[in-house]
Amino acid sequence: MFIGKNCNKQVHSNQPSFLYPFKKRLKQYPKRLAANTFKGRDAKLKCSDEPGGTGLEIAKEMGVCKSCYDLLEACQNINISL
Ligand SMILES: [Zn+2]
């Protein structure tokens, strides 16, 4: 049982909550040399680099009910903000 953060209604205990990302921010990931180690075909340890780059990072997410989650997803797909 929880209170949905979008509609402020109490949701029954047998219904799960869904985490919806309300805010996202641009994040830059640096290049890392020899970040990952793994065993190669010859069973020797090898290293690989991570190229880095940019991506989106979740800044704020809230627990919402199923109907609010579906509504927010539909609005996001057609670029409407509530
Ligand atoms: Zn709701």
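This section reports on the structure supplied with the text. (Residues numbered from 1 in each chain as written. Predicted model: local features only at pLDDT ≥ 70, side-chain atom pairs only at ≥ 80, totals over all residues.)

1. Description of the overall build of the protein chain
Per the secondary structure count, the protein chain includes 1 helix and 6 strands. For the protein chain, the sequential pattern of α-helices and β-strands runs β-β-β-β-β-β-α. The principal-axis extent of the C-alpha atoms belonging to the protein chain is close to 55 × 30 × 20 Å. Counting the 82 residues in the protein chain, one finds 6% classified as buried. Taking all contacts inside the protein chain whose residues are at least 6 apart in sequence as the whole, residues at least 24 apart take part in 59%. (Helix = DSSP H or I, 4+ residues; strand = E, 2+ residues; numbered from the N terminus. Buried ≥ 20, exposed ≤ 12 C-beta atoms within 10 Å, placed from the backbone. Contact = placed C-beta atoms within 7 Å.)

2. Concerning helix 1 (residues 66-77)
Spanning 12 residues, helix 1 covers 17 Å between terminal C-alpha atoms, matching the ideal 16 Å at 1.5 Å per step. Of the residues one or two after helix 1, Asn79 is the one with positive phi, at around 60 degrees. (Expected span 1.5 Å × (residues − 1).)

3. Quick look at the pairing of strand 3 (residues 18-29)
Side-chain direction in a regular strand flips from residue to residue, so the side chains alternate between the two faces of the sheet. With respect to burial, strand 3 is a largely exposed element, only 1 of its 12 residues being buried. When strand 3 meets strand 6 (residues 53-64), the two strands line up antiparallel, connected through 11 bridges. Across the sheet, the residue bridging to Tyr29 is Gly53, located in strand 6. (Pairing = 2+ DSSP bridges.)

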